[in-house]
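Observations on the model geometry
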Amino acid sequence: MEGKVFVFPHEANTSHVILRPTITKPLQEVSVCLRSYSDLSRSYTVFSLATPVPGRTTPFFIYLQPPNTCSVHINQEDTYFRTDSESLDWRHICVTWDSNTGVVQLWVNGKLYPRRVSMKGSSIAAETSIVLGQEQDSFGGGFDASQSLVGEISDIHMWDYALTPEDVHKVISGRHNGNVINWVSLYYEIKGEVLVQPRLQ
Ligand SMILES: [Ca+2]
């Protein structure tokens, strides 16, 4: 998928991309980075990870609330980051979480926002359903059009460890690929109306 993007052209509760990660043990640390581009003024979900664990169906998702809030959901707790107002442009987002300390980091375009703590000592089950463009309310489903992404997504990577600042800067310049999800060799399945297009800028 190098040099390509997923385009989500319409608001719908069906269009999404399923990713197939290689996760073999429960996650105590996680990092997700991606680029997104959207002119939505309502909130939308770019990345959601669900598990079949009762009461913990959606242990991890990233929810953007224009113009200046990013919410990171970890095991039933939302952490709200106030960010700089987004301009209408591609944005590079990295989220890291380390269960040992609970520290959550949000990086936007290489800038680290004040760190927070969430769900220290918990973990995320290994059996995961990862979906782009929709928020899952159940394992692999339960979508809501009013939370869907209309726009473009690219350069998604995921790791089973917390990235260092050096790692984040390497990710931004394309020199550090995910060990759980790797955009360069991405296994994906498109459902509904999602297009693969060249990245034009
Ligand atoms: Ca929902």
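Numbering of residues begins from 1 in every chain and follows the order in which that chain's sequence is written. Selection of residues for local features in this predicted model requires a pLDDT of at least 70, selection of side-chain atom pairs for listing and counting requires 80 or more, and totals for whole chains, interfaces and linings are taken over all residues. Excluded from the side-chain calculations are hydrogens and water; all other atoms, namely the structure's heavy atoms, are used.

Put simply, the rule reads: UniProt positions are given in the numbering used here, feature names are shortened, and annotations may be inferred rather than shown by experiment.
The protein is annotated in an unreviewed UniProt entry as Pentraxin family member from Staurois parvus. Per UniProt, the protein has the following entry under Subunit (unreviewed entry): "Homopentamer. Pentaxin (or pentraxin) have a discoid arrangement of 5 non-covalently bound subunits."

1. Concerning the packing of aromatic side chains
Note the cut-off: Ring geometry is summarised as follows: Phe, Tyr and Trp rings, the Trp one being its six-membered ring, pair when their centres sit within 6.5 Å, and such pairs are stacked at plane angles under 30 degrees, edge-to-face over 60 and tilted between the two. Secondary structure elements follow DSSP: runs of H or I no shorter than four residues count as helices, runs of E no shorter than two count as strands, and numbering proceeds from the N terminus. Only protein chains enter the accessibility calculation, which uses a 1.4 Å probe; a residue whose area is less than 20% of its type maximum is buried, one above 50% is exposed, and one in between is partly exposed.
In this structure the tally under the stated criterion is 5 aromatic pairs. Seen from their ring centres, F6 and W183 are 5.5 Å apart, and the 90 degrees between their planes marks the pair as edge-to-face. Taken together, the positions of F6 in strand β1 (residues 4-8) and W183 in the loop between α1 (165-172) and β14 (188-191) put the pair 177 residues apart, joining distant regions of the chain. For the pair formed by F6 and W183, the shared burial category is buried. Considering the side-chain rings of F61 and Y63, the 6.3 Å spacing of their centres and the 80 degrees angle between planes classify their relative orientation as edge-to-face. A relative accessible area of 15% places Y63 in the buried class.

2. Description of the sheet that holds β14
Where we set the bar: The rule for pairing is simple: two strands pair if DSSP sees at least two bridges between them. Helix axes are fitted only over the stretch in contact, all axes being lines through C-alpha atoms; the angle between N-to-C directions runs from 0 to 180 degrees.
What the 7 strands build is an open sheet, ordered β7-β6-β5-β4-β12-β2-β14; its pairing is antiparallel. Two strands lie at the open edges of the sheet, namely β7 (77-82) and β14, each paired on one side alone. The mean angle between the axes of side-by-side strands here comes to 20 degrees, regardless of whether they run parallel or antiparallel. In terms of strand pairing, strand β6 (residues 69-74) meets β7 through 6 bridges, oriented antiparallel. What sits directly across from C70, in β7, is F81.

3. A look at the coordination of the calcium ion
Let me state the cut-off plainly: Only nitrogen, oxygen and sulfur atoms count as donors, using a 2.8 Å cut-off from the metal that widens to 3.2 Å for Na, K and Ca. Water is left out, so coordination shells may look unfilled.
Ligation of the calcium ion by protein atoms is provided by E135 (OE), D137 (OD), D137 (OD) and Q147 (OE1), these donors lying 2.3 to 2.9 Å from the ion. Coordination of the calcium ion draws on donor residues from a single chain, spaced E-x1-D-x9-Q in sequence. On the criterion of sequence distance, the pair formed by D137 in the loop between β12 (129-132) and β13 (151-159) and Q147 in the loop between β12 and β13 is long-range, its members being 10 residues apart. Here Q147 falls in the buried class, since its relative accessible area comes to 16%.

4. Considerations on the environment of H92
Cut-off, in case you're wondering: Contacts: residue pairs with any heavy atoms within 4.5 Å of one another.
Within the secondary structure, H92 sits in strand β8 (residues 91-98). On the basis of relative accessible area, H92 is assigned to the buried category, the value being 4%. Along the primary structure H92 and Y37 are separated by 55 residues, whereas in three dimensions their C-alpha atoms are 9.2 Å apart. Other than its neighbours up to four places away in sequence, H92 contacts C33, L34, R35, W107, V108, N109, V171 and I172.

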